[in-house]
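Next come the chains, spelled out residue by residue.
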Amino acid sequence: MSADGKDFPLRAGVGYLVKAKTASTWTLSTRASEPAQPIKLQPGWNMLGIPVCKDGSSSCYTASSLIAAINAQGGGVVEIDRMVNGAWSAYQVGYDFADFPIYVGQGYFIRTTQPSTWSP
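What this report covers is the structure whose coordinates are included nearby.

**So, the pairing of strand E4 (residues 77-84)**
Note on strand geometry: in a regular strand, side chains alternate between the two faces of the sheet.
Item 1. Across 4 bridges, the pairing between E4 and strand E7 (residues 107-112) is antiparallel. The partner of Asp-81 across the bridge, within E7, is Phe-109.
Item 2. Of the pairings in the sheet, the one linking E4 to strand E5 (residues 87-92) comprises 6 bridges and is antiparallel in character. Bridge assignment links Val-84 to a residue of E5, and that residue is Ala-87.
Item 3. Where E4 folds back onto E5 in an antiparallel hairpin, the turn is made up of 2 residues, including Asn-85, whose phi is positive at roughly 50 degrees.

**Points about the pattern of salt bridges**
Item 1. By the definition in use, this model includes 1 salt bridge.
Item 2. For the salt bridge of Arg-111 with Glu-79, the shortest nitrogen-to-oxygen distance reads 3.2 Å. Here the residue Arg-111 occupies a position in strand E7, and Glu-79 occupies one in strand E4, the gap between them amounting to 32 residues.
Item 3. Residue class for Arg-111 comes out partly exposed when judged on its relative accessible area of 30%.

Calculation rules
- Residues numbered from 1 in each chain as written.
- Predicted model: local features only at pLDDT ≥ 70, side-chain atom pairs only at ≥ 80, totals over all residues.
- Heavy atoms only, no water.
- Pairing = 2+ DSSP bridges.
- Helix = DSSP H or I, 4+ residues; strand = E, 2+ residues; numbered from the N terminus.
- Salt bridge = Lys/Arg side-chain N within 4 Å of Asp/Glu carboxyl O.
- Buried < 20%, exposed > 50% of the residue type's maximum accessible area, 1.4 Å probe, protein only.

Here is the structure:
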């Protein structure tokens, strides 16, 4: 439910923050055969969930290759952040370290300098 108590549909390509009372595992059923929808990014921070990889694998990007893919379509992404086991890590354009795999089913914070639409 949203902060105002209303239910809403989950959308592919959108990242969500989930508050849990206890540790748990949730599995989402997805299919690589479903076409990925274009994802709109606005200047500033965006939360992004990665669509299913075309080959069905759980990781088809790294932070640097995802930035390159978005920016090749007119994006202005300069940073991708993630939280793993309670700790933040970030990859910034122009630095050759801290690159990490991007996994389907996880959410990422993406900072961009201009509006764009990415078609995975």
